[in-house]
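Here is what each chain is made of, one letter per residue.
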Amino acid sequence: MKNPPAKPSQLITREFAQQLNLNYNDKKQTNLKAMSNEKEDANAIWYSIEELEKYIHYVKTRGIEDGYNVDGIRFYFGVYPDDEQHGDKAGLTTLFLVPTGKKIKTNAAKIQSFALVEEQEEETMDIQSLEPMNYGNIGRPPSLIY
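Undergrad: Could you clarify how one ought to interpret the overall build of the chain in this entry?
TA: A tally of regular secondary structure across the chain gives 2 helices and 6 strands. Going from the N terminus to the C terminus, the chain shows its helices and strands as α-β-α-β-β-β-β-β. Out of the 146 residues belonging to the chain, those deemed buried represent 25%. In the chain, 63% of the contacts between residues at least 6 apart in sequence involve partners at least 24 apart. Carbon together with sulfur atoms contributes 55% to the accessible area of the chain, which is approximately 11,000 Å² in total.

Here it is, written out as structure tokens:
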């Protein structure tokens, strides 16, 4: 490969990942199972690379249109409403994605080389004008163990 991808700085070992998953299963699943009427809850969520890439492209493009520099995705845990509309997922855990970024402010008073200077807000925030993504495939049943 001419230009191999840079190794991400946030990688963890497989052993640490396994420990995190065991901790979740041991500590959280017991509480979730008790609250969900003994239904087996999700302990993993899967999204295809294609869907993630499509979502990233979508939020980056729409973010620019809405005046944002999209700089990340925040992952939120949620629980589906306990109603008939959500069927087997009712009362169970989900994971949804929300784009984050900084609002771009165009300041017409600052002109460099006849181009407008763009200033970004200092703090990254959830972008409320862009839709969150949900409905990955859940790891149940049977529960997945990393």
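Undergrad: Would you mind showing me how to read the packing of aromatic side chains here?
TA: Each pair of aromatic rings is reported with the distance of its centres and the angle of its planes. Scanning the entire structure with this criterion turns up 2 aromatic pairs. Between Y80 and Y135, the ring centres sit 6.3 Å apart and the planes meet at 20 degrees, which makes this aromatic pair stacked. Of this pair, Y80 sits in the loop between strand 2 (68-79) and strand 3 (93-112) while Y135 sits in the loop between strand 5 (125-126) and strand 6 (137-138), and the two are 55 residues apart along the sequence. On the accessibility criterion, Y80 (8% relative accessible area) is buried.

Undergrad: When you look at the pattern of salt bridges in this model, what are you seeing that I'm missing?
TA: A complete count under the given rule lists 5 salt bridges for this structure. Residue K54 is joined to E51 by a salt bridge in which the shortest nitrogen-to-oxygen separation is 3.1 Å. Residue K54 and its partner E51 are located together in helix 2 (residues 49-65), separated by 3 residues, close to a single helical turn. The partly exposed category is assigned to K54, whose relative accessible area is 47%. Residue E51 is classed as partly exposed on the basis of its relative accessible area of 35%. Through salt bridges with shared partners, a single ionic network connects R62, E65, D66 and E131.

Undergrad: Would you mind going over the confidence of the model for the chain with me for this structure?
TA: Detail in the predicted coordinates should be disregarded across regions flagged by low pLDDT. Here the chain averages 79 in pLDDT, and 75% of its residues register 70 or above. Per-element confidence in the chain ranges from a low mean pLDDT of 54 for strand 4 (residues 115-120) to a high of 94 for helix 2.

Undergrad: What's the story with a nonpolar patch on the surface in this structure? I'm lost.
TA: On the surface, a cluster of nonpolar side chains totalling about 280 Å² of accessible area is made up of I12, F16 and L20. Examined against the element boundaries, F16 turns out to sit in helix 1 (residues 14-35). Residue F16 is classed as partly exposed on the basis of its relative accessible area, which comes to 44%.

Undergrad: What's the story with the environment of I73 in this structure? I'm lost.
TA: Here I73 shows up in strand 2. Remark: the alpha-carbon pair of I73 and I127, spanning 54 residues in sequence, is separated by 9.7 Å. I73 has contacts with Y55, I56, L97, V98, P99 and T100, leaving out every residue within four places of it along the chain.

Undergrad: Explanation requested: helix 2 in the structure shown.
TA: What sets the pattern is the α-helix's 3.6 residues per turn: residues three or four places apart point alike. In this model, helix 2 (17 residues) spans 24 Å end to end at C-alpha, consistent with the 24 Å of a helix rising 1.5 Å per residue. Within the span of helix 2, buried status applies to Y55, V59 and G63. Buried residues along helix 2 cover an arc of 55 degrees about the axis, so they all sit on one side. Opposite the buried face of helix 2, by more than 90 degrees, sit the exposed residues I49, E50, E53, H57, I64 and E65. Following helix 2 by one or two positions, G67 has its phi on the positive side, about 85 degrees.

Quick notes on the rules
Residues numbered from 1 in each chain as written. Predicted model: local features only at pLDDT ≥ 70, side-chain atom pairs only at ≥ 80, totals over all residues. Heavy atoms only, no water. Helix = DSSP H or I, 4+ residues; strand = E, 2+ residues; numbered from the N terminus. Buried < 20%, exposed > 50% of the residue type's maximum accessible area, 1.4 Å probe, protein only. Contact = heavy atoms within 4.5 Å. Areas by Shrake-Rupley, 256 points an atom, 1.4 Å probe, with all protein chains shown as cover. Phe/Tyr/Trp six-rings, centres within 6.5 Å; stacked < 30°, edge-to-face > 60°. Salt bridge = Lys/Arg side-chain N within 4 Å of Asp/Glu carboxyl O. pLDDT = per-residue confidence, 0-100. Patch = residues over 30% accessible without salt bridge, like charges linked within 9 Å, V, L, I, M, F, W, Y side chains within 5 Å. Expected span 1.5 Å × (residues − 1). Arc of directions from axis to C-beta.

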